[in-house]
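# Working through the structure, step by step
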Amino acid sequence: MSDHADPTAPEGPAKTPRSMTQTVVLAFLVPLTLLLLVAGYFGAQPRMDAAGDAFEEQAIALRLQPVGRVALADAAPAGGGEPRSGEQVYQAVCSACHAAGTLGAPKFGDKAAWAPRIALGYDTLLNSALKGKNAMPAQGGGVTSDEEIGRAVVYLANAGGGKFAEPPSAAAAN
Ligand code: HEC
C-alpha cells in the first residue's frame, strides 16, 4: 500500500498547498507591511509633533504678551457720558497691576505699601498716574479723562489708608 503512489500527483498535492500557503501569507504580509509603512509615514506621530509645535508657539506668545494687555483692551473711554467712578476705573484699568502688585505696583489695600506714597500728597500721586511713573504707563495705559484718573487715584489711595477727598467733578465745576 505504501508503494502505491498516485502517478498523476507525485508532488503536486504536496507542492500546491505549500505554494497556496505562501501565497496566502504573502497576500496578507505584503499589504500589511505597506500599510504599516504608509501609516508610519503619514501617521499620527508627525502630526502630533506639528500640533505640539503650534501649541508651544502659542504658549510662548502667551508668556511673552505684555502684562497690561487685557487692561489696555478694557481701557476704552467711557463714551463721552458720565465719568466713571473711581472704583469703575480701578476695576477696568488700574486693577491689572494694582490688584496683584504686578510690575512692583503698590497693591490695592496694602497700607504699608501705600503709606509712603500717600505721604507724597494727592497732587503728586495724581501727576504720577496721569503722566506715568517707571513701569506705570501714563493714565495707567489708556483712560482719557483726567477726572476719571483723579477718582481712581483717590479710590486706590484711600483703600490703602489714604483720606483724600473725591476730586471735584469737572461737570460740577462748569
Ligand atoms: C501697567 C501696570 C499699572 C497700571 C495699569 C496702573 N499702575 Fe499705578 N503703578 C504701577 C507701578 C509699577 C507703580 C509704582 C511706580 C514706582 O513708584 O516705581 C504704580 C504706582 C502708582 C501710584 C503711586 C504713584 C507715586 O507717585 O508713588 C498711583 C497713585 C497709581 N499707581 C495709580 C494708578 C491708577 C489710578 C491706575 C489706573 C488708572 C494705575 N495706577 C494703573 C503700575 C500700574
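This is a predicted model, so every value here is computed, not measured.

Another aspect to go through is the overall build of the protein chain. Looking only at helices and strands, the protein chain features eight helices and zero strands. Taken across its 174 residues, the protein chain has 24% of its residues classed as buried. Sequence-distant contacts in the protein chain: of pairs separated by 6 or more residues, those separated by 24 or more amount to 49%. When the accessible surface of the protein chain is summed, it comes to about 12000 Å², and 63% of that surface belongs to carbon and sulfur atoms.

Moving on, we get to the packing of helix H6 (residues 122–131) against helix H7 (residues 146–159). For the pair H6 and H7, the least separation of the axes is 9 Å and the interaxial angle reads 120°. In terms of orientation, H6 and H7 fall into the oblique class. Every pair of crossing elements has a handedness; the one defined by H6 and H7 is right-handed. Mapping the contact onto sequence places Tyr122, Leu125, Leu126, Ala129 and Leu130 in H6 and Asp146, Ile149, Gly150, Val153, Val154 and Ala157 in H7.

Taken together, 23 residues lie around the ligand, and Cys94, Cys97, His98, Arg117 and Met136 are the ones closest in. Within the side chain of His98, a nitrogen or oxygen atom sits 2.7 Å from a nitrogen atom of the ligand. Elements represented by at least two residues in the shell around the ligand include exactly helix H4 (86–98), helix H5 (111–118), H6 and H7.

Protein-derived ligands of the iron atom of the ligand are His98 (NE2) and Met136 (SD), with the metal-ligand distances lying across 2.0 to 2.1 Å. Every donor counted, the six donor atoms about the iron atom of the ligand form angles of 86 to 179° at the centre, which fits octahedral coordination. Residue His98 is located in helix H4, and its partner Met136 is located in the loop between H6 and H7; the two are separated by 38 residues in the primary sequence. Residue Met136 is classed as partly exposed on the basis of its relative accessible area of 27%.

Residue His98 is classed as buried on the basis of its relative accessible area of 8%. A polar atom in the side chain of His98 sits 2.8 Å from the backbone oxygen of Pro106. Among all residues touching His98, those that are not within four sequence positions of it are Tyr90, Ala105, Pro106, Lys107, Phe108, Trp114, Met136 and Leu156.

Here the focus is the confidence of the model for the protein chain. Residues of the protein chain with pLDDT of at least 70 account for 69%, and the chain-wide mean is 79. When mean pLDDT is taken per element in the protein chain, H5 scores highest with 97 and helix H3 (residues 69–74) scores lowest with 47. Confidence over residues 70–76 falls short of pLDDT 50; this stretch has 11 contacts with residues more than four positions distant or in other chains.

About the criteria used
- Residues numbered from 1 in each chain as written.
- Predicted model: local features only at pLDDT ≥ 70, side-chain atom pairs only at ≥ 80, totals over all residues.
- Heavy atoms only, no water.
- Helix = DSSP H or I, 4+ residues; strand = E, 2+ residues; numbered from the N terminus.
- Buried < 20%, exposed > 50% of the residue type's maximum accessible area, 1.4 Å probe, protein only.
- Contact = heavy atoms within 4.5 Å.
- Areas by Shrake-Rupley, 256 points an atom, 1.4 Å probe, with all protein chains shown as cover.
- Axes fitted to C-alpha atoms, helices over the stretch in contact; angles between N-to-C directions.
- Parallel < 35°, antiparallel > 145°, perpendicular 65-115°, else oblique.
- Left-handed = near helix turned anticlockwise from the far one by under 90°.
- Near = heavy atom within 4 Å.
- Polar contact = N/O pair within 3.5 Å; in protein donor to acceptor, adjacent residues only side chain to side chain.
- Donors = N, O, S within 2.8 Å, 3.2 Å for Na, K, Ca; no water.
- Tetrahedral: all angles 85-135°; square planar, octahedral: opposite > 155°, others 65-115°.
- pLDDT = per-residue confidence, 0-100.

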